[in-house]
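Architecture and fold: a report
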Amino acid sequence: MEIFLIVLLLLFIIGLSNMINHFIPFIPVPLIQIALGGILAILPMGLQVPMEPELFFVLFIAPLLFNDGKNVPRKALWKLRVPILLLALGLVFVTVLVIGYLIHWLIPSIPLPAAFALAAILSPTDVVAVGAMASRVKLPKIIMHTLEGEGLTNDASGLVAFKFAVAATVTGYFSLAEASLSFVIIALGGLIGGAIIAFAIIRLRVFIRRLGMEDVTIHMLIQILTPFVIYLSVEHFHFSGILGVVAGGIVHAIERDREQSPTIKLQIVSNSTWSVILFILNGLVFVLLGLQVPGVANSIFENAAFNNMEVTGYIIIISISLFVLRFIWVLVAWWTGWKVKKGMVKPSLKAIGIITISGVRGAVTLAGAFTIPFALDDGSPFPERSLIIFIAAGVILMTLLVTSIFLPVIARSKEEQTGENKAEKEKRALIQSHSAAIKAVESSITNENREAAIRIISKYNVRINQAHAAGSQKNQLEIREKENKIRLIGLEAEEREIMKFVKAEQVEHEVANLCLEHIRRMKMAVTNRKKYRRLISFLMFKKLLVMSSSLFSSKKRELIEQHKEGLHKIIAMKVKTAKAAIREIKEKTNPDDKGISLIVIAEYSSLISRLKRETKASKGHEQVNFERDLQYTAIQAERDEVQDMFEEGTISFELAQKIRQHINIREANTVDESSYGS
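Residues numbered from 1 in each chain as written. Predicted model: local features only at pLDDT ≥ 70, side-chain atom pairs only at ≥ 80, totals over all residues. Heavy atoms only, no water.

**Some points on unusual backbone geometry**
Rule in force here: Burial classes follow relative accessibility: with a 1.4 Å probe on protein chains only, a residue under 20% of its type's maximum area counts as buried, one over 50% as exposed, and anything between as partly exposed.
One non-glycine residue, His238, lies in the positive phi region at around 65°. Unlike most non-glycine residues, Glu384 shows phi in positive territory, near 55°. Residue classification places Glu384 among the partly exposed residues on the basis of a relative accessible area of 24%.

The structure is reproduced here in structure tokens:
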């Protein structure tokens, strides 16, 4: 029961981290998850989740790398094989040598073999962390593919070097020739073994399908078990399980491309299932990392044998050295390649800087450090084991912080650095959000709602054309403010028109109150987004209650007839108020703002035409519901796209708020129409 509660708590932390990142997207999710994990470990709850390295590699690293291998662009990696191998092999061994001597020089109490072991476990970059960091910025494809290829392969080289260094420390014996030969055997064995097992599993799935067993559950279960079977099988023969799952993923990708008649249902279930699994595993990796940090830190900070400032200084020096060495290696390798190979693009310092800063260390480093034995062959304690683990954890946090701060700065385009072309940026954002709405509606089209979908898509196409036209205008903020003022003029005119009919007793109070409520929603949409969102949520909840209660009413037909009668009265009142708003806007708008006022007047005119069609029953009740539901789908797609652009750093917070405000206005109209038509 205790393990179950711990798992639930960790899953809650993962969900909470993504909610926090939704509001502060400039802080990467891995850092938030590490921080929440650290807070969870500090709280007096008695929560202890020990790091079991072997289980960690099987449970987390195997499926994550298998998925990366399955989705990695193979052609791009083959073209970039030379730089990837230089990073995944050459830089790893240079790091072991250079950083190993540096660590031994800084901390003489760590013997040279143990220093090599620490340098080896610090050498591999974390492909999961790199992907999380890179998602916030737009990296050139060639750089992103290089980083992905490096992350897929350098875990194996770093861990193999680490194992030999630890063995040399424990036994006191090391042979470079034996180590080199063993590395080749372990790497090739892992690649070949993973490919063979993956091919055998694919043949098993094909055999099952030929027997007529198209059960999605069985095939999905085989898919989930595949990375674990490959990793454990390859490791059983003392080869590289990490390279095995990468090779297995690539083989599955090749087979997926060649498959002639894949089951559509299986593809849908597979994509959905793996997205959930990867989301959870990625989160757990960093939450568990955060849970280990307080315990690792306490073992050093509470030990009188260590000077806290000196130990912190070691972490800073080693982290900086790793970045400097990476920069020099990439610069020399790239520059040499450009000089030797004709036609190769001259390397830019910006590209080299991006690759350098992207050298994030992650959970593989800490998990590997925990595999260090407690004692040597002679029974003496492993030298400075706690300090080595602490330095590994500190370097992970240091590289994550440096990358999260400097990668967006280095990767920022010239346009973003100068802050120019704000109008163009807004135009692109509007077009992108409208296009996302169109895609969402298109994916929801059926034979029944096709007519309603075409109407909504045409509206969004008109808005895209308007955005193209408005994108070249200057002072967009001033234009938006003027537009909001004109809208408020129209809403106040509507309000006065209703009150005039109330005083003359020409309209029922219930009808007047419904119309005034809509005007209040529209004002909130224009002036106050937060209040508007709360009100919309309340109204939607209220409407659901009314609908559910009416379903069980014995007087349902009578209620429907009363609803229709009231609906006609509301529509008639709304047509009158819209006409009053048009008159008021025409009278009170300055000639300089005529173009802006025409946009608002056009919306009122469109509303009048739509309401008149309702009174003539030109559209069936079912079509009204179709259009309303599709409009909600489109609005939600717009909101999701705006949030994605904001989280990726494509648009600013102010621009996101501005676009959301216009979405709110359209949603207010949709809610108003649905209250008439349902």
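**Focus: the pattern of salt bridges**
Note the cut-off: Basic side-chain nitrogens of Lys or Arg form a salt bridge, by our definition, when they fall within 4 Å of a carboxyl oxygen of Asp or Glu. Secondary structure elements are defined from DSSP: runs of H or I of at least 4 residues count as helices, runs of E of at least 2 residues count as strands, and each element is numbered from the N terminus.
Throughout the structure, instances matching the rule amount to five salt bridges. One salt bridge connects Glu584 with Arg496, and the closest N-O pair in it is separated by 2.8 Å. Remark: Arg496 occurs in helix α20 (residues 476-503) and Glu584 occurs in helix α23 (residues 556-588); sequence separation between them is 88 residues. A residue is classified by how much of its surface remains accessible, and Glu584, at 14% relative accessible area, is buried.

**So, empty space enclosed by the protein**
Stated precisely, the cut-off is as follows: The definitions used throughout rest on a 1 Å grid laid over the protein atoms alone, on which a cavity is an enclosed set of points accommodating a 1.4 Å probe that cannot get out and a pocket is an open set flanked by protein within 12 Å on both sides along at least five of seven lines; lining residues are those having an atom within 4 Å of a point. Grid points are joined across faces, edges and corners, and a volume is the space filled by probe spheres set on the points. Amino acid classes used here: Ala, Val, Leu, Ile, Met, Phe, Trp, Tyr, Cys and Pro are nonpolar; Asp, Glu, Lys and Arg are charged; the rest, including Gly, are polar.
For the structure on display, the rule yields three cavities of 30 Å³ or more. Put simply, the largest cavity is a space of about 80 Å³. Together, Ile61, Leu64, Leu65, Asp126, Val127, Val128, Asp155, Val285, Ala363 and Val364 line the largest cavity. Of all the elements in the fold, those that place two or more residues in the lining of the largest cavity are α3 (53-71), α7 (127-134) and α15 (363-370). When residues in the lining of the largest cavity are grouped by element, the largest group, three residues, is from α3. Classifying every residue of the lining of the largest cavity by side-chain character gives eight nonpolar, no polar and two charged.

**Here's the deal with a nonpolar patch on the surface**
Let me state the cut-off plainly: Excluding any residue in a salt bridge, patches collect residues exceeding 30% relative accessible area, merging like charges within 9 Å and nonpolar Val, Leu, Ile, Met, Phe, Trp and Tyr side chains within 5 Å. Accessibility throughout is a Shrake-Rupley quantity obtained with a 1.4 Å probe, and a residue counts as covered only by protein chains that appear here.
A cluster of nonpolar side chains, namely Ile316, Ile320, Val324, Phe327, Ile328, Val332 and Leu349, defines an oily patch on the protein surface of about 600 Å² accessible area. In terms of residue count, the dominant contributor to the nonpolar patch is helix α13 (residues 308-340) (six residues). Assignment of secondary structure puts Ile328 in helix α13.

**Quick look at the environment of Phe57**
The following threshold applies: Any two residues whose heavy atoms approach within 4.5 Å at even a single point are treated as in contact.
Topologically, Phe57 is positioned in helix α3. The class of Phe57 is buried, set by a relative accessible area of 7%. Phe57 sits 307 residues away from Val364 along the chain, and the two C-alpha atoms are 7.9 Å apart. In this structure Phe57 touches Ala62, Leu159, Tyr231, Val364, Ala367 and Gly368, once residues within four positions along its chain are discounted.

**Re the packing of aromatic side chains**
What counts, and what does not: Pairing of aromatic side chains requires ring centres within 6.5 Å, counting the rings of Phe and Tyr and the six-membered ring of Trp. Pairs whose planes differ by under 30 degrees are stacked, by over 60 edge-to-face, and all others tilted.
Taken as a whole and assessed by the stated rule, the structure comprises six aromatic pairs. Judged by centre distance (6.3 Å) and plane angle (35°), the ring pair of Phe66 and Trp274 falls under tilted. Linking Phe66 in helix α3 with Trp274 in helix α12 (residues 264-301), this pair joins segments that are 208 residues apart in sequence. On the accessibility criterion, Trp274 (5% relative accessible area) is buried.

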